[in-house]
Amino acid sequence: MKRTLGTCYYPEHWSTDIWESDATRMAEAGLTWVRIGEFSWSRLEPTPGQLCWNWLDQAIEVLGSRGLKVVLGTPTATPPRWMAERHPDMFAVNQFGQKRGFGSRRHYCFSHEGYFAESQRITRLMAERYGANPHVAAWQTDNEYGCHDTVISYSDAAGRAFQSWLRTAFDDDIEALNAAWGNVFWSMEYRDFTEIGLPNLTVTEPNPAHVLAFKRFSSDQVIAFNRAQVEIIKEHSAAPISHNFMGRVTDFDHFKLGADLEISTWDSYPLGFLEDRAGASAAEQRAFSQQGDPDFQALHHDLYRAVGRGRWWVMEQQPGPVNWAPYNPSPLPGMVRLWTWEAFAHGAEAVCYFRWRQAPFAQEQMHAGMVRPDHKDAPAIIEARQVAEELRDAPDLQPSQAPVAILFDYDADWAWSTQPHGAGLSYFGLILDHYKALRRLGVTIDILPAETRDFSGYRLILAPGLMHMPQDLKQALSESDAEILVGPRSGARDAHFNIPTSPLPPDLPGLDVTVARVESLRPDLPRPLAGGGAVMHYVEELEGSAVPLLQTDSGAAVAVRDGSMTYCGAWLDPVGMDRLLKVLGQAAGLEMRDLPVGVRTRRTATEEFWFNHNATPVETEVGLLPAAGVLRRPR
Amino acid sequence: MKRTLGTCYYPEHWSTDIWESDATRMAEAGLTWVRIGEFSWSRLEPTPGQLCWNWLDQAIEVLGSRGLKVVLGTPTATPPRWMAERHPDMFAVNQFGQKRGFGSRRHYCFSHEGYFAESQRITRLMAERYGANPHVAAWQTDNEYGCHDTVISYSDAAGRAFQSWLRTAFDDDIEALNAAWGNVFWSMEYRDFTEIGLPNLTVTEPNPAHVLAFKRFSSDQVIAFNRAQVEIIKEHSAAPISHNFMGRVTDFDHFKLGADLEISTWDSYPLGFLEDRAGASAAEQRAFSQQGDPDFQALHHDLYRAVGRGRWWVMEQQPGPVNWAPYNPSPLPGMVRLWTWEAFAHGAEAVCYFRWRQAPFAQEQMHAGMVRPDHKDAPAIIEARQVAEELRDAPDLQPSQAPVAILFDYDADWAWSTQPHGAGLSYFGLILDHYKALRRLGVTIDILPAETRDFSGYRLILAPGLMHMPQDLKQALSESDAEILVGPRSGARDAHFNIPTSPLPPDLPGLDVTVARVESLRPDLPRPLAGGGAVMHYVEELEGSAVPLLQTDSGAAVAVRDGSMTYCGAWLDPVGMDRLLKVLGQAAGLEMRDLPVGVRTRRTATEEFWFNHNATPVETEVGLLPAAGVLRRPR
Amino acid sequence: MKRTLGTCYYPEHWSTDIWESDATRMAEAGLTWVRIGEFSWSRLEPTPGQLCWNWLDQAIEVLGSRGLKVVLGTPTATPPRWMAERHPDMFAVNQFGQKRGFGSRRHYCFSHEGYFAESQRITRLMAERYGANPHVAAWQTDNEYGCHDTVISYSDAAGRAFQSWLRTAFDDDIEALNAAWGNVFWSMEYRDFTEIGLPNLTVTEPNPAHVLAFKRFSSDQVIAFNRAQVEIIKEHSAAPISHNFMGRVTDFDHFKLGADLEISTWDSYPLGFLEDRAGASAAEQRAFSQQGDPDFQALHHDLYRAVGRGRWWVMEQQPGPVNWAPYNPSPLPGMVRLWTWEAFAHGAEAVCYFRWRQAPFAQEQMHAGMVRPDHKDAPAIIEARQVAEELRDAPDLQPSQAPVAILFDYDADWAWSTQPHGAGLSYFGLILDHYKALRRLGVTIDILPAETRDFSGYRLILAPGLMHMPQDLKQALSESDAEILVGPRSGARDAHFNIPTSPLPPDLPGLDVTVARVESLRPDLPRPLAGGGAVMHYVEELEGSAVPLLQTDSGAAVAVRDGSMTYCGAWLDPVGMDRLLKVLGQAAGLEMRDLPVGVRTRRTATEEFWFNHNATPVETEVGLLPAAGVLRRPR
Ligand SMILES: [Zn+2]
Ligand SMILES: [Zn+2]
Ligand SMILES: [Zn+2]
């Protein structure tokens, strides 16, 4: 498969007069894909039941006739104002019990049955009309599920649906629920499922089992909402269906949702993410202000490749300054090209820039596009043209397996956020720290869902932080040929958020180690390791006969090993993590190297890529990489 | 006109026994004015319709008979408890949809028609009774409009009034509104004005055009509320009408409101403001803890002189520690005198100290007065007596025009707060930074409303940050004889918050410069200028043939010039701003000097003033200024 | 009386199979007491009116038959879910008007009459059944009144009860209330008690008199709630009644509540408190991360000894990491023993560890116990066994009076929190700073309620911060034989939160000093004292003829003295406070010493104790104290 470029376009924002010249210019820039339609409901159905297809027919035709392929989005992220008239209770409710209002986007509660039906209705109408359109080469459901904290809703509709979900989950047995949740603890026992409320506005923290169940339910509501659209589209179209996921949105299970799609896509805004969600220190934010975190996007590339079972795109690529981060600088010259090639290095089929032309109105008027509001070229289109040129001679996309894998589990993220134990701790942050460490060592990585049981082909597998770890996963890992790193906190809870007691965690086959107790540490009180590095944030007291690999300077075991199974009972700092991974890498026969700060590399089936995320040139083993430099060479 | 002093007095707080001695003591201290009545509604009308004028009759008579002139306030900032019974929905509603309650002050929604009528009723009753009273020499409407965040209300009453206001603004044409706001963006289009809600509790940010319109509407509601009182008072009284504005309250258009008044007054609390709103750094807060920001009050003096079209007072001058700031130190000895003379240096007709006697009860019991709760002299009265003495031989107040002007636009402040683009950025802050730079250079300044078109007499005019800049203003500036400094962000939006596209901003006559794109910067990442100083917070990429005056150290144009028109596409740090202003000052033939830190000077028609805001003596070109020192000399 | 140990146990959490082995193991560990029952309502009364006593009968019998004594708790902190069905409005309402929900604990409003009756009903049923049980050796009412901010409720029930409380307090005379509160200030006058609302959601701060009255009312509601249970239990049982107070919960008057109890107990969590409420600096939090603040627990020991009129326990002693602080490290080895002995050094009759076995489910699953979830010994039980062993030969508990006393007044804390005057200032913090200073000087301290009038036996009495100070207290202090230290802010308000005016505060017998005015200071602007140290946070300008003991470096009097009465008009830093206390200590003939950092000592009637709260050994005058070391020696 040839790797391709694209853009996101809103014909409804512009005079029909310029559609043709826009399309021509897109084609000339080397773009293949144009995503349209996903916010256009008020133009498709200005009043209930009065459908207006003409403009969309025409837009698709104009684009298609220039050889562009259309990704058509369902407009369900932006129900029009009249929908609020028909379904006044369709809005999500925040944790304080306040109804969220009309006037932006994503203003619906996933549990509202009336809106659910409306979303099916408009999807069916679109699928019927465009399912066979030759220019509609792919679909997108809705837009950025979960963005703006929209998975969780404390509405009455959610309350009823949650009760029903629990009734099913516990086979209509309220005593089973009481027992599973430990509701005896503070006389929280229910006599019937109808007594169960939502876990907000409680006097002190609610039962973590209650919270976790509500998060699982809320995720399932998103899956169901999406699946309903997918099923309808499939009835009318053979084109692949996608959804554009967001960065560091973990409130629903992307693997489960992705299983209903052909292609996983995501929206990559490196500079915005560095400021508002990558977890970078202020020093890192200064150093990479115009480049973005060197690993945050790569992690998502690998994650969404797994979500898409190999097929994935960047659906929205930052092309210049965005409008929504606390601070919105410009990318360094070259970064748009670097981001694009990095996505390809991680296996992307396509990279689409958001958006074609900067809109001079409404919420995103300060969001750069490929083209300026005055129709002149913006810097992004110039770098995109360069990539399009470079792609011509580049090898085709081929699937390839990495030697190293990290398990990723959305449920674990919910468990950590339900009970971080130490302020600010998160599963995602733990995974990112492990991912960064592997990247510093020049390793090519796959992300795997925690449901994986076949690990053949991997030489090193990391499974940190899986708070619930089914026995067959433990078994499959222990039986694989790879070096295995488990912990901290792995297997710390059963399926209903109870601590297993016979034996205590982690209960790993072939590894005699027990977590005797658990501490969280002040960020300003790391505990030094003998030999360099430190544990920080979270540390377990380990018992058992397994051999220590790392110890604190007072001799407490931190990481222990038996055969190819290693358990680490702490959140390690970078020095400590590098030490541990080098030991395991050597045991696994992996090639590791200490890359310069901000330099990253990845191997595919055909090529080796080097990326310099720094604002200055850096000397490397493959020569001097310029600032924002990309080096590709055949393997 | 002779400059005068006064105080704020609450006869209803004290036994009638001491009114006479209070009045005598005020007169002996050299005071001319006594403001009374503005919170006394529950004493004027203890139950609905039962009016009690006797005490107020008597109080006015006691004061008047001692030769004091009364400023009589309408009591509409504090409707009594029974009003809540008559109009249960009269309260403002906060952004979270919570009704704000009774028990303090300003507990009304400007859009509530019932309360609007009540405010007219009590104003009419007061005006009828005291309109011809010889001792009532001036009026005050209400008290500190907008204080405690009271301009914006998300009440149902506000919702209905906003719809009606929009209907008028858009000539009953909903499609015009949809087009002007770009509502197509996220399917936010309305079919009727009755569908438009208030821009709170949305899922993500609401349309900035929606927000800005709501701010303009909310400002107009304040204007209308005030105008109703003014019209009634004018029917019965020839005395001038004033309102006491607050510091850094920008939620309504003071110029528009001031146009209905004869005199603009404001309430100056330098130490409180330094802690809670001047935007000073912690180092500045330490250095000026007992003196206040050296420029914040002066800026307001100049601003409210413009609001009052030349006639302005300080209605409430801080006399000692206040009760409401995070920290409430005492003014340094001499500061009350300094503040008073500074107001006179900026053209004040009168300075009134708030309050006469510290009240030992209720919310402001820790707010100092001129007199202690035990009736002894507080430090303020001693400094006031000194000023009264000094005033005797001082020249009369004469109007005079400054050589330098800064345009100030409330609408620009709403536009910036609607979309700061970088965290913490504000128009007011930008103006204050420019004002401070001019003051460091020893320049005397006028503030002008952005509606000004006749700039004759000025040699340098600063118009930074006017996000909407009408074409005739651009023209008038370019045709004036002055050096003109425009930007950053000037002309960046049209009247409905859209980016102009043909051409892009700033579109200045005679200056070939275009803002190609815009960045906001982390506060810890200033971008150095070649030659010294830096840009910070906000910077534009400039294109065009205009000659660079300032460039970044990588050669990007930051300020460009053609003829007498300069555009600066960045928020400059103090060093950069001083560099730029010195160039322009020289071109304008202005005398500039580098004043010592904390020393400020101003020239009037007759005098030159020097003020030392420091806690230590400072050597200057006019000699050694003691701490908190004031030097006056004839021009 | 022999000093004893105990634990908190939840038989309802565990299979009946293990009750006997648990009881046996408790007895073998040397424990005497087992507290049970306080969260078990849903097991005692699974549906309304259907009582299930069997399990509790059996649990008491199993424990009792092993020689253990039971403390039986009423379960009113955790009403079951069906209670919300019967009394939908029983929930407290937060300051934003939001109803707090079911799903954790303490979800009731003290003012709700229906729930009040339910709490009496279940108490009566328990008292009837177990009042004569030979194994029930003590009672506990409810659990941790006030924890999770549960004293204050803005419910309708609270509103009605508050009106009624005020009507009584003001003898049905609304004009008396208006006058006492100064309601004329902002036209806040009421015509009837039914017009008075709760002081939340006001536009700016409510009248402090209103707020303080509401705090006093809210405290009285807790007292009444508790008294109702006490009266019922007393009808059926001769066993002493206790309640387990919390750390730094000051929202109700513990002295008043304690007056209804035989024994005061409290729940001591040194590591959690260090992180979330002790007010320690980050440096102190690092230094004492695994030991807790060296004084915070001791202060509570002395306070609750006073609340219990000599009889007090630690009902819940932290045994390992807790689950609820921002960071939850393990105690250093030896700290559980140190904390236990420290309680005994301060006169505790018993120390009970919370909890017996760590629960692997629900909210507190990460809270350590004496026994691990897998039934193995946790570190705490080993240190408890050591203490049990040491107690065998230790002398009996004997009452003893300290030479130094600090007055403590809950009403003063409410007054300070109503009007801190400077951000972050609190009465509790002021007391803690004085207590710490005395402890640094090696002094043994009693806490006394502010109602104390007989001060015989004391040589130094500290009464800082008593904002309301009755005349007879001033008199009693001035007539005592002790050195007296009063201020800052003492006597600053009358009973209704007005500043006394004739004369101004502090109005102390025999001391000519007047507070002329008051300042609060930025935390980064301490004002140096001549001779060392500084004032910080809060400082008064003092007038009068009393002799200065401390002055600022500019000569302002800070502490003044006449005879044995000293007034300090400032919050002193540690150096300044040590200087002042040494002068007074010398005058009082007290032995004082400069203890090493983190080392503390206390004398009882029979013993002298030394405690090393440091993580390293420290050399002292009694020899080298190991880390977490305890030294006892006969006096
Ligand atoms: Zn076609
Ligand atoms: Zn008269
Ligand atoms: Zn028995």
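Residues numbered from 1 in each chain as written. Chains lettered and ligands numbered in written order. Predicted model: local features only at pLDDT ≥ 70, side-chain atom pairs only at ≥ 80, totals over all residues. Heavy atoms only, no water.

### Considerations on the packing of helix α1 (residues 19–28) of chain B against helix α3 (residues 54–65) of chain B
All names here are of chain B. Across the interface, α1 lies against α3 with an axial gap of 9 Å and an inter-helix angle of 35 degrees. Note that α1 runs across α3; the crossing there is right-handed. Two secondary-structure elements touch here, α1 through Trp19, Glu20, Ala23 and Met26 and α3 through Trp55, Gln58, Ala59, Val62 and Leu63. Considering only residue class, the contact of α1 with α3 consists of seven nonpolar, one polar and one charged. (Axes fitted to C-alpha atoms, helices over the stretch in contact; angles between N-to-C directions. Helix = DSSP H or I, 4+ residues; strand = E, 2+ residues; numbered from the N terminus. Left-handed = near helix turned anticlockwise from the far one by under 90°. Contact = heavy atoms within 4.5 Å. Nonpolar A, V, L, I, M, F, W, Y, C, P; charged D, E, K, R; others polar.)

### So, the packing of aromatic side chains
If you walk through the whole model with that rule in mind, you get 138 aromatic pairs over all chains. Note on Phe162(B) and Phe217(B): the rings are 5.3 Å apart at their centroids and 50 degrees apart in plane angle, and the pair reads as tilted. Separated by 55 residues along the polypeptide, Phe162(B) in helix α6 (residues 156–169) and Phe217(B) in helix α8 (residues 208–236) bring together distant segments of the chain. Overall, the relative accessible area of 0% leaves Phe162(B) in the buried class. Judged by its relative accessible area of 1%, Phe217(B) is buried. Taking the ring centre of Trp14(A) as reference, the NZ or CZ of Arg357(A) above it sits at 4.4 Å. (Phe/Tyr/Trp six-rings, centres within 6.5 Å; stacked < 30°, edge-to-face > 60°. Buried < 20%, exposed > 50% of the residue type's maximum accessible area, 1.4 Å probe, protein only. Lys NZ or Arg CZ within 6 Å of the ring centre and 35° of its normal.)

### Topic: unusual backbone geometry
Residue and element names in this part refer to chain C. With an omega dihedral of 5 degrees, the bond running from phenylalanine 354 to arginine 355 counts as a cis peptide bond. As for its placement among the helices and strands, arginine 355 is situated in the loop between β8 (350–353) and α14 (379–392). The step from proline 505 to proline 506 runs through a cis peptide bond, and the omega angle for that step is 0 degrees. Of note, proline 506 is situated in strand β13 (residues 506–508). We note that histidine 148 has phi near 60 degrees; this positive angle belongs to a residue other than glycine. Mapped onto the fold, histidine 148 is located in the loop between β4 (136–140) and α6 (156–169).

### Regarding the coordination of the zinc ion (ligand 3)
The protein atoms donating to the zinc ion (ligand 3) are Glu61(C) (OE), Glu61(C) (OE) and His135(C) (NE2), with metal-donor distances spanning 1.9 to 2.8 Å. Here His135(C) lies in the loop between α5 (113–130) and β4 and Glu61(C) lies in helix α3 (residues 54–65), a separation of 74 residues in the sequence. (Donors = N, O, S within 2.8 Å, 3.2 Å for Na, K, Ca; no water.)

### A closer look at the sheet that holds strand β12 (residues 483–486) of chain A
Strand pairing in a sheet relies on backbone hydrogen bonds. The paired strands run either parallel or antiparallel. All names here are of chain A. If you walk across this open sheet you meet the seven strands as β10-β9-β11-β12-β19-β18-β17, and the pairing is mixed. Each edge of the open sheet is held by one strand with a lone partner, namely β10 (445–449) and β17 (547–551). The mean inter-strand angle of the sheet, taken between neighbouring strand axes irrespective of direction, is 20 degrees. Here β12 pairs with strand β19 (residues 565–568) via three bridges, running parallel. When the sheet's bridge partners are listed, valine 486 is paired in β19 with tyrosine 567. Here helix α12 (residues 296–307) sits on the sheet in contact with β9 (404–408) and β10, set at roughly 45 degrees to β10. (Pairing = 2+ DSSP bridges.)

### Looking at the relation of the copies chain A and chain B
Of the transformation placing chain A onto chain B, the axial shift is 0.1 Å and the rotation is 120 degrees, giving an RMSD of 0.0 Å. The transformation relating the two chain copies, once decomposed into turn and shift, fits a three-fold axis. The overlap is low: 2% of the interface residues of chain A also sit at the interface in chain B, so different surfaces are used on the two sides. (Least-squares fit on C-alpha atoms with pLDDT ≥ 70 in both.)

### Some thoughts on α8(B)
Residues and elements named next belong to chain B. Across its 29 residues, α8 extends 43 Å between first and last C-alpha, which sits within 8% of the 42 Å expected from 1.5 Å per residue. Among the 29 residues that make up α8, 22 are buried, leaving the element largely enclosed by the rest of the structure. Backbone nitrogen of alanine 209 and a side-chain oxygen of the N-cap are separated by 2.9 Å at the start of α8; the cap is asparagine 207. (Expected span 1.5 Å × (residues − 1). Polar contact = N/O pair within 3.5 Å; in protein donor to acceptor, adjacent residues only side chain to side chain.)

### Observations concerning the UniProt feature "domain: Beta-galactosidase trimerisation" (unreviewed entry) in chain A
As annotated by UniProt and renumbered to match this structure, "domain: Beta-galactosidase trimerisation" (unreviewed entry) occupies residues 402–590 of chain A. For residues 402–590 of chain A, helix accounts for 25% and strand for 32%, while the C-alpha atoms at its two ends are 11 Å apart. (UniProt positions renumbered as here; feature names shortened; annotations may be inferred.)

### Focus: the layout of surface pockets
Residues and elements named next belong to chain A. Of the volumes computed, that of the second largest pocket is approximately 1200 Å³. In this structure, the second largest pocket is lined by 42 residues; those nearest its centre are Gln95, Tyr154, Val211, Lys215 and Ser417. Residue assignment for the lining of the second largest pocket shows that the elements contributing at least two residues are α8 (208–236) and α15 (410–418). Grouping the constituent residues of the lining of the second largest pocket by class yields 19 nonpolar, 16 polar and seven charged. (1 Å grid on protein atoms, 1.4 Å probe; cavity = no way out; pocket = protein on both sides within 12 Å on 5 of 7 lines; lining within 4 Å. Points joined across faces, edges and corners; volume = space filled by probe spheres on them.)

### Concerning the pairing of strand β2 (residues 33–36) of chain B
Residues and elements named next belong to chain B. Burial along β2 is two-sided: Trp33 and Arg35 facing one way and Val34 and Ile36 facing the other are all buried. For strand β1 (residues 4–8) and β2, the ladder comprises three bridges, and the chain directions are parallel. Bridging from a neighbouring strand, cysteine 8 pairs with arginine 35 of β2. The β-α-β motif built from β1, the intervening α1 and the parallel element β2 has right-handed crossover chirality. (Right-handed = clockwise from strand over helix to strand, strands pointing away.)

### Describing α15(A)
All names here are of chain A. Most of α15 is tucked away: eight of the nine residues are buried. Of all the residues in α15, the buried ones are Tyr410, Asp411, Ala412, Asp413, Trp414, Ala415, Trp416 and Thr418. In this structure, the buried side of α15 is in contact with α8, α9 (254–258), α12, β9, α16 (427–440) and β20 (570–572).

### Comments concerning the interface of chain A and chain B
Counting residues at the interface gives 60 residues for chain A and 45 residues for chain B. Ranking the residues of chain A by area buried against chain B places Tyr327(A), Gln363(A) and Met366(A) at the top, with a combined share of 16%. Linking chain A with chain B are four salt bridges, by the criterion used here. One salt bridge in this structure joins Arg43(A) and Glu189(B), with 2.6 Å as the shortest N-O distance. On inspection of chain A and its partner chain B, the count reaches 24 residue pairs in polar contact (both at pLDDT 80 or more). Elements represented by at least two residues in the side of chain A that touches chain B include exactly α2 (41–44), α4 (81–86) and α11 (282–287) of chain A. Its residues assigned to classes, the side of chain A that touches chain B comprises 24 nonpolar, 23 polar and 13 charged. (Buried area = accessible area lost by both parts, 1.4 Å probe. Salt bridge = Lys/Arg side-chain N within 4 Å of Asp/Glu carboxyl O.)

### Section: the domain arrangement of chain A
When the parts come together, some accessible area is lost, and that loss is often what is quoted as the size of the interface. Residue and element names in this part refer to chain A. Taken domain by domain, chain A holds domain 1 (156–211), domain 2 (404–588) and domain 3 (600–634). For domain 1 versus domain 2, the distance between C-alpha centres works out to 31 Å. Contact with domain 1, which involves six residues of that partner, is made by five residues of domain 2. Taken together, both faces of the contact between domain 1 and domain 2 bury some 440 Å²; the carbon and sulfur share is 62%. Along the contact surface separating domain 1 from domain 2 lie zero salt bridges. The interface formed by domain 1 and domain 2 contains one residue pair in polar contact (both at pLDDT 80 or more). Broken down by secondary-structure element, the contributors of at least two residues to the side of domain 1 that touches domain 2 are α7 (174–181) and α8. Ranked by residue count, the leading element in the side of domain 1 that touches domain 2 is α8, at three residues. (Domains from an automatic or database assignment.)

### Regarding the pattern of salt bridges
Under the criterion given, the structure shown has 164 salt bridges over all chains. A salt bridge links Glu543(B) to Arg372(A); the nearest nitrogen and oxygen atoms lie 2.7 Å apart. A residue pair is termed interchain when its members come from two chains, as with Glu543(B) in strand β16 (residues 534–543) and Arg372(A) in the loop between β8 (350–353) and α14 (379–392). Its relative accessible area of 31% is what places Glu543(B) among the partly exposed residues.

### Structural notes on the coordination of the zinc ion (ligand 1)
Residue and element names in this part refer to chain A. Coordination of the zinc ion (ligand 1) by the protein is provided by Glu61 (OE), Glu61 (OE) and His135 (NE2), with metal-donor distances spanning 2.0 to 2.8 Å. Relative accessible area serves as the criterion here: at 44%, glutamate 61 is assigned to the partly exposed category. Judged by relative accessible area, which is 19%, histidine 135 ranks as buried.

### Thoughts on the interface of chain A and chain C
In this assembly, 45 residues from chain A lie in contact with 60 residues from chain C. Of the roughly 4500 Å² buried between chain A and chain C on both sides combined, carbon and sulfur atoms contribute 54%. On the chain A side of the interface with chain C, the three residues burying the most area are Phe185(A), Trp186(A) and Val203(A), jointly 18% of the side's total. Remark: the boundary between chain A and chain C carries four salt bridges. Between chain A and chain C we count 24 residue pairs in polar contact (both at pLDDT 80 or more) in total. Per-element accounting of the side of chain A that touches chain C gives the leading share, six residues, to strand β14 (residues 511–520) of chain A. Of the residues in the side of chain A that touches chain C, the class split is 20 nonpolar, 14 polar and 11 charged.

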